[in-house]
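Understanding the architecture of this molecule
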Amino acid sequence: MSSGLAIETAGLGKRYGRTWALRDCSLAVPAGHVVGLVGANGAGKTTLLSLAVGLARATTGQVRVAGGRPAGSSAALDAVAFVAQEAALYRNLSVADMLRMGRAMNRCWDADRAQNRLKELGIPLAKKVGALSGGQRSQVALTLALAKRPELLVLDEPLAALDPVARHDFMSALMTAVSEDGISVVFSSHVVAELERVCDYVVVVHGGQIQVCGEVEELVAGHHVLTGPAEQADSVTQRFPVVRDRRTAAQAHLLVRTAAAEAALPGWQRHPVGLEELVLAYMREPSASALPGPKPLHGEQAVHE
Ligand code: ATP
């Protein structure tokens, strides 16, 4: 990718009537990551993904994908594959028909790969899509997306309708594709526990704005839980940005944003924090945020045209 970014937004906003579904969103997600997009219902995840794949038009700002291609442009459509929520496929068509449609609609199409993949999965080409299980439908949708040989694969809640086994199989298939093809993946999910296993980059959205964004390793290394005497807690919370503050009469448990070295305080214990715990803590505390670098310029069209 020329600019080395999978998704780049500047001042991106989308308004439906009087509701801002997304506002002042400035992101620069490097290529080559598996990115988990998390947020409560209505946070703006689908809106962000729809803008990125060119299914919706921005009200403000702009979005570029797969190395600087304007979202929705033909260059972007060639480089980006999208798996929509609940794998929207034509239920009356056979799997073979879906493959033919994919071939007809895409300039780049790896038919052999798609057929081999479905064969390996034991999904019969003659079967109607509507007669497949939810897990099989998701696998067909993923197969169609991968047959495009995309640089960026975007998935909107791919796990939502799947049971735990199908969910596991789907994520394994996705991870295999990522390691074989070296593509960038962005997927939204409510299954926060899943993120830890598969994502190396995370974006948390709240109320249409980016709340947390960064590499998982850096985010986890940059947060710690500090446990110590409650009477000293205020001095600690003045020192570090606090994500979660839990106190009893005697003890305080503080989840703070700071590196390990700075978090070594006399009389206090320091514990690492897992990604799931970290993401949930941010989601419960929308006023806390962890964004890289200087705060983005509000409403500015900062991306080079
Ligand atoms: P969920 O997790 O429930 O899928 P989400 O994070 O994907 O939610 P969005 O679907 O992007 O959230 O919605 C963000 C906000 O925009 C919500 O307040 C929603 O009601 C509103 N919204 C989304 N699409 C439309 C639309 N087509 N018309 C009007 N409002 C919309």
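Please read all numbers here as calculations on a predicted model, not as lab measurements.

1. Quick word on the state of the cysteines
Inspection of the entire model under this criterion finds zero disulfides. Residue C25 stays outside any disulfide, its sulfur separated by 8.7 Å from that of C213, the closest cysteine. Classification of C25 by relative accessible area gives buried; the value is 0%.

2. Structural notes on the site of the ligand
Around the ligand sit 13 residues, and of these G42, K45, T46, T47 and H190 come closest. Between T46 and the ligand, the recorded distance is 2.8 Å, taken from a side-chain N or O atom to an oxygen atom. Within the side chain of T47, one N or O atom sits 2.5 Å away from an oxygen atom of the ligand. Protein chains shield 61% of the accessible area of the ligand, which is 630 Å² for the free molecule. Along the lines of polarity and charge, the residues of the shell around the ligand split into four nonpolar, seven polar and two charged.

3. Some words on the packing of helix α4 (residues 111–121) against helix α5 (residues 134–147)
One way to put it is that α4 packs onto α5 with a least axis distance of 9 Å and a crossing angle of 155 degrees. By the angle between their axes, α4 is roughly antiparallel relative to α5. The handedness of the crossing between α4 and α5 is right-handed. Taking contact as the criterion, the partners of R113, A114, R117, L118 and L121 in α4 are, on α5, Q139, V140, L142, T143, L146 and A147. Taken together, the residues of the contact of α4 with α5 break down into seven nonpolar, two polar and two charged.

4. Details of the domain arrangement of the protein chain
Split by domain assignment, the protein chain resolves into domain 1 (5–214) and domain 2 (218–284). Once you take the C-alpha centre of each, domain 1 and domain 2 turn out to be 34 Å apart. Contacts between the two partners involve 13 residues from domain 1 and, on the opposite side, eight residues from domain 2. Carbon and sulfur atoms make up 78% of the area that domain 1 and domain 2 hide from each other, which totals about 930 Å². Contact with domain 2 buries surface across domain 1, with V192, E196 and V212 losing the most and accounting together for 43% of the total. At the junction of domain 1 with domain 2, the criterion picks out zero salt bridges. Linking domain 1 with domain 2 are two residue pairs in polar contact (both at pLDDT 80 or more), by the criterion used here.

5. Quick notes on the sheet that holds strand β10 (residues 209–215)
Taking strand neighbours across the sheet as the criterion, the six strands line up as β6-β7-β8-β3-β9-β10 in an open arrangement whose pairing is mixed. Looking at strand neighbours, the two that pair on one side only are β6 (80–83) and β10, the edges of this open sheet. Here the strands of the sheet are splayed against their neighbours by 15 degrees on average, with no regard to which way each runs. Here strand β9 (residues 201–206) pairs with β10 via six bridges, running antiparallel. Bridge pairing in β10 links V203 to C213.

Thresholds applied
- Residues numbered from 1 in each chain as written.
- Predicted model: local features only at pLDDT ≥ 70, side-chain atom pairs only at ≥ 80, totals over all residues.
- Heavy atoms only, no water.
- Disulfide = S-S within 2.5 Å.
- Buried < 20%, exposed > 50% of the residue type's maximum accessible area, 1.4 Å probe, protein only.
- Near = heavy atom within 4 Å.
- Polar contact = N/O pair within 3.5 Å; in protein donor to acceptor, adjacent residues only side chain to side chain.
- Areas by Shrake-Rupley, 256 points an atom, 1.4 Å probe, with all protein chains shown as cover.
- Nonpolar A, V, L, I, M, F, W, Y, C, P; charged D, E, K, R; others polar.
- Axes fitted to C-alpha atoms, helices over the stretch in contact; angles between N-to-C directions.
- Helix = DSSP H or I, 4+ residues; strand = E, 2+ residues; numbered from the N terminus.
- Parallel < 35°, antiparallel > 145°, perpendicular 65-115°, else oblique.
- Left-handed = near helix turned anticlockwise from the far one by under 90°.
- Contact = heavy atoms within 4.5 Å.
- Domains from an automatic or database assignment.
- Buried area = accessible area lost by both parts, 1.4 Å probe.
- Salt bridge = Lys/Arg side-chain N within 4 Å of Asp/Glu carboxyl O.
- Pairing = 2+ DSSP bridges.

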